[in-house]
Every structure is written in C-alpha cells, then in structure tokens.
Amino acid sequence: MAYDDRESNEAVGCVAAGVYDSTGHMVAGMSISVPTIRWNDQRRAEWTELVRRGAAMLSRRLGHHGIEM
C-alpha cells in the first residue's frame, strides 16, 4: 500500500496498491484520490481496504496467486 498525504496537491489524499500478473511482477497500480476535507482515520482505513481488495481481485484475474498485499 502507498499513501499520498497532500504531497502533490494540498487538497487531495490518495491510497494506492500494486497489481500483479501471473509471474508475480507488478504490472499496474490501482488508486483512489480523495478531497482532504473527506479524509480522516476511519475513512482512510475504509479506502485502504477497498483499494487493497480491488487490486487483489484484479491481480487474481491476471493469474496472480501469491500473497495478497
């Protein structure tokens, strides 16, 4: 998981996770960007889980069977 806490834009926070193919190589990333006025610890945890699950699902569709990130 990776986070951008207003690093590139003061009004936006991001959560990201890697997407892996059948060989275990990272081939893409999945992320969401959220206005910082909606950003708090509870929502960060929810968005982290959403992105983690989405990236894991896409990785499985690409044939990845490794450990979920």
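### Concerning the nonpolar core
So, point 1. Core analysis: the biggest nonpolar cluster contains eight residues, these being Val15, Ala17, Val19, Val34, Trp39, Trp47, Val51 and Ala55.
So, point 2. At the level of elements, strand 2 (12–20) and helix 1 (41–61) are the ones that each hand at least two residues to this core.
So, point 3. If near-sequence neighbours (up to four positions away) are discounted, Val19 is found in contact with His25, Met26, Val27, Ala28, Gly29, Met30, Ala55, Leu58, Ser59 and Leu62.

### Here's the deal with the sheet that holds strand 1 (residues 2–5)
So, point 1. Across the sheet, which stays open at both edges, the three strands sit in the order 1-2-3 with antiparallel pairing between neighbours. This sheet does not close on itself; its edge strands, each paired only once, are strand 1 and strand 3 (26–35). Neighbour to neighbour, the strand axes of the sheet diverge by 20° on average, direction disregarded.
So, point 2. Bridge count between strand 2 and strand 3: nine bridges; the pairing is antiparallel. Looking at strand 3, one finds that Gly18 is bridged to Gly29.
So, point 3. Its contacts with the sheet put helix 1 on strand 1, strand 2 and strand 3, and the angle it makes with strand 2 is roughly 25°.

So, how was this worked out
- Residues numbered from 1 in each chain as written.
- Predicted model: local features only at pLDDT ≥ 70, side-chain atom pairs only at ≥ 80, totals over all residues.
- Heavy atoms only, no water.
- Core = buried A, V, L, I, M, F, W, Y, C linked by side-chain atoms within 4.5 Å.
- Buried < 20%, exposed > 50% of the residue type's maximum accessible area, 1.4 Å probe, protein only.
- Helix = DSSP H or I, 4+ residues; strand = E, 2+ residues; numbered from the N terminus.
- Contact = heavy atoms within 4.5 Å.
- Pairing = 2+ DSSP bridges.
- Axes fitted to C-alpha atoms, helices over the stretch in contact; angles between N-to-C directions.

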